Amino acid sequence: QQLGDTSLNFNSEVRVVILDCENSGTVTGKKQNAGGIVGWQSLGLVKASMNTGSVDATGGNHAGGISGTGSGYIRNCLANCEVSANSYLGGIAGSGTIVSDSIAHVKLTGGKERIGSILGWADAPLVETQDPIRNNYYLAIGTDFGAVDGVSYDNQAQPLEQDAFMELPELPDAFKTATVSFCFEDGTVQQVQLPVGSCLLDSQIPEIPHKEGFRSKWAGLEDADLSNIAFDMRFTVESTAYATTIA
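Engineer: How do you make sense of the overall build of the protein chain when you look at a structure like this?
Structural biologist: Within the protein chain one finds 1 helix and 21 strands. The principal-axis extents of the C-alpha atoms in the protein chain amount to approximately 80 × 50 × 30 Å. Counting only residues that meet the buried cut, the protein chain has 40% of its 247 residues in that class. Looking at the protein chain as shown, the accessible area adds up to about 13800 Å², and 47% of this sits on carbon and sulfur atoms.

So this is what it looks like as structure tokens:
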């Protein structure tokens, strides 16, 4: 839409393809449309892409492991992450239309309505197409919110038990293992790799070197659930100086 013959104020939409992309960084959104690969997808195709970074839109709407809002095509995508939003919260997309052959291994938090491990909400496609949602699978972590707005559908979007999920032929190794990283104050990192669903043993937690005059601990370790490691975890040393008193 162009205003006048010489105006620079115009809006346009371009049909594009996002192919074989990967994100591992944290995505944070304050309002809406936060996704691991795209925020808002009105046209085009996202295919063969993977996100392993958390998507945090706490207080906002439309957040997904791949797309926040997707009116185009999403095919053969994978999400292995935690997703947070107020509503329209999905493992693959907060809301979407045509989603196929995608896999989600997600933890969904903060949602109040329109929540699903594949799609928070399924919109009607802009063009007529057969089976717009098909062959999508997920492994829910924690509460099972169903596949699409609380409901799962055979051959469209459905859960799998852990053993069956791990045997999916197209599942990458990143979905099968979780890495627990312990970061020391000198910058060194010690990592423990575990099969998804395993527990972290006390013997696998490294000791913190003694620091004179300080009390040190692994920040957040006491509150973490170590009985079923589903995603990568990271702990850093937290040191607190002893209080000095005079007798």
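Engineer: Quick question: what am I supposed to make of the confidence of the model for the protein chain here?
Structural biologist: Predicted coordinates in areas of low pLDDT are best not read in detail. When pLDDT is averaged along the protein chain, the result is 89, and 93% of the positions lie at 70 or above. When mean pLDDT is taken per element in the protein chain, strand β7 (residues 50-51) scores highest with 96 and strand β8 (residues 55-64) scores lowest with 90.

Engineer: Help me understand the pattern of salt bridges in this model?
Structural biologist: A complete count under the given rule lists 3 salt bridges for this structure. Between Arg-114 and Asp-149 there is a salt bridge, and its shortest N-O distance comes to 3.1 Å. Taken as a pair, Arg-114 in strand β13 (residues 113-116) and Asp-149 in the loop between β16 (136-140) and β17 (157-159) lie far apart in primary sequence, 35 residues in all. What makes Asp-149 partly exposed here is its relative accessible area of 27%. Here Lys-211 ties to Glu-185 by a salt bridge, and the two come within 3.7 Å at their closest N and O atoms. A residue pair is termed long-range when its members are at least 10 positions apart, and Lys-211 in the loop between β19 (189-195) and β20 (214-218) and Glu-185 in the loop between β18 (177-183) and β19 qualify at 26 residues.

Engineer: It is not clear to me how the nonpolar core should be interpreted in this structure. Could you clarify?
Structural biologist: In a soluble, globular protein the nonpolar side chains are often hidden away together inside. With 29 residues, the main nonpolar core has Ala-63, Ile-66, Ile-74, Val-83, Ile-92, Ile-118 and Leu-119 as its most contacted residues. Every element with two or more residues in this core is listed here: β8, β10 (78-90), β11 (93-100) and β12 (103-109). Residue contributions to this core peak at 5 residues, all from β10. Residues Ala-178, Val-180, Trp-218 and Ile-229 belong to the second largest nonpolar core, which totals 14 residues.

Conventions used here
- Residues numbered from 1 in each chain as written.
- Predicted model: local features only at pLDDT ≥ 70, side-chain atom pairs only at ≥ 80, totals over all residues.
- Heavy atoms only, no water.
- Helix = DSSP H or I, 4+ residues; strand = E, 2+ residues; numbered from the N terminus.
- Buried < 20%, exposed > 50% of the residue type's maximum accessible area, 1.4 Å probe, protein only.
- Areas by Shrake-Rupley, 256 points an atom, 1.4 Å probe, with all protein chains shown as cover.
- pLDDT = per-residue confidence, 0-100.
- Salt bridge = Lys/Arg side-chain N within 4 Å of Asp/Glu carboxyl O.
- Core = buried A, V, L, I, M, F, W, Y, C linked by side-chain atoms within 4.5 Å.

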